[in-house]
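For reference, the chains in residue letters:
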Amino acid sequence: MQQHQLAELMCGFSHALDLAEGQPAGHAVRCAYLGMHLARAIDLAPADQWELYYTLLLKDLGGSSNAARIHDVFLSDDLRFKRKAKRFADHLPPAAQLALSQTGARVGLLARVRATLRAMRQGDAIAHALTQTRGERGAEWARQLRFSDKVGRAIHALEEHWNGTGKPDGLAAQQIPLYARIALIAQVVEIFHHEGGPQAAMHALRDRRATWFDPHLVDAFERAASRPDFWAPLTAPDVIAQVIALEPAAGALALDDDYLDEITAVFGQIADAKSACTAGHSARVGLYTDLIAAQCGLPAERRRGLRRAALLHDLGMLGISNALLDKAGPLDDRERTAMQLHVQLTEHLLARIGAFADWVTVVGAHHEWLDGSGYPRGLRGDAITLEARILTTADLFDAISTDRPHRPGLSVEQTLANMRALVDVQIDPRCYAALCTAVERLNHGAPPTAASLAA
């Protein structure tokens, strides 16, 4: 295994988790820098440092799973809500601060008042449910990514507080996993440092000593932060490279093709968890893409890469507000433009990860149409590669055939009939024919197995 290959991959994917939390790009990477220096200050064992390293990068693994619920309950932009929530002295307080400042930010006065009253009245129960969902899904995905139960438990316990007032389980003191205690300190310090520099970060740290934070860890962090060169890397252009180099050697996992497939599938699930209407979307698009690619004669290695690209084609949706994703009616022009930004967001995320660099242009063209009426670049004809045309066809088939907030999905027959009218205008005739053949085989034969798809 190439040294730090997994670290480079997870640093890249951590930017997707930053998006889902409404945090500035590189938030989790900077948390990893802070947390690892704290780990060294307490002489944490090398094997534990390795697990902590990935806890820090993936601390927000479950963040997308409660976005729709936040929007549904608070009638607010989930991304702005989450960004504000991380700064309050009490996480998701049941009364004044967060509810009054964020609830109903995008709706009328009457709806806002009702939602605010509900949030104030049911605040504790709502906060518990949101944190529980986030923690459970994050721990589950950590295990699917082959990390230990210790990493999963720490991700689940990220919002627990030293004095027992945190969520979801009200753990206190040593009951809280050590990795979680370190990660919470790193998270708060990074947020306040990013906004106000070292002085603001240290004030937030000291202000929460023995309430949110383990006092012994606060003291250790103060010792580490007293070095003259401690803060500079957080604002350095090469902070990602520095954090990748911090990965401990102990416990390294071999990043082979099968593991990369598993990682890709998990981050596809994370993107799909943002909204109920996208549940399973990436997995289905990955399946349809592979079936069409097989019919079009793509070689096995190219099919495998394209299937991964299909699983990640909507990763940038993590940066789109659920106020748009879950809107019950059609989007207006401004909203449509904002929604279309998910393509560029996906491109930027995948461009950070060497394993997917060759697929950025394919993913970036999955909403381009043959006649030039697509987005984001208005490509037409031969400017759109075969792989991109395959992905476009698979994505459109799933979009039309599944329920969306503003309309029910169509039957397979109706979907194919609608798509037939788009051949040579928006979709490629060869890809459409391959889709029809693939659908026929799925309807009349056994669904393909994972082994057959990888063949």
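In what follows, the structure referred to is the one given above.
Calculation rules
- Residues numbered from 1 in each chain as written.
- Predicted model: local features only at pLDDT ≥ 70, side-chain atom pairs only at ≥ 80, totals over all residues.
- Heavy atoms only, no water.
- Helix = DSSP H or I, 4+ residues; strand = E, 2+ residues; numbered from the N terminus.
- Buried < 20%, exposed > 50% of the residue type's maximum accessible area, 1.4 Å probe, protein only.
- Contact = heavy atoms within 4.5 Å.
- Areas by Shrake-Rupley, 256 points an atom, 1.4 Å probe, with all protein chains shown as cover.
- Lys, Arg positive; Asp, Glu negative; His and termini not counted.
- Salt bridge = Lys/Arg side-chain N within 4 Å of Asp/Glu carboxyl O.
- Polar contact = N/O pair within 3.5 Å; in protein donor to acceptor, adjacent residues only side chain to side chain.
- Phe/Tyr/Trp six-rings, centres within 6.5 Å; stacked < 30°, edge-to-face > 60°.
- Lys NZ or Arg CZ within 6 Å of the ring centre and 35° of its normal.

**Describing the overall build of the protein**
From N to C terminus, the protein includes 22 helices and zero strands. Looking at the 455 residues of the protein, the share that counts as buried comes to 55%. Across the protein, contacts joining residues at least 24 apart in sequence account for 70% of those joining residues at least 6 apart. Of the roughly 18,300 Å² of accessible surface on the protein, a fraction of 54% belongs to carbon and sulfur atoms.

**Here's the deal with the side chain of Asp-314**
When you line up the elements, Asp-314 lands in the loop between helix H15 (300-311) and helix H16 (322-325). With no salt bridge to any partner, buried Asp-314 finds its closest opposite charge in Arg-404, at an N-O distance of 6.4 Å. Of the polar contacts made by the side chain of Asp-314, one reaches the side chain of His-342; its length is 3.4 Å. Those residues in contact with Asp-314, other than ones at most four positions away along the chain, are Ala-271, His-281, His-342, Thr-346 and His-366.

**A closer look at the packing of aromatic side chains**
Scanning the model with the defined rule gives twelve aromatic pairs in all. Between Phe-13 and Phe-356 the ring centres are 5.9 Å apart and the planes differ by 65°, which places this aromatic pair in the edge-to-face class. Pair noted here: Phe-13 is in helix H1 (residues 5-20) and Phe-356 is in the loop between helix H17 (333-351) and helix H18 (360-363), with a separation of 343 residues, a long-range link. Look at Phe-356 and you get buried, because its relative accessible area is 1%. What links up through ring pairs into an aromatic cluster is the set Tyr-33, Phe-221, Phe-230 and Trp-231. The cationic tip of Arg-208 hangs over the ring face of Trp-212; the distance from NZ or CZ to the ring centre is 4.9 Å.

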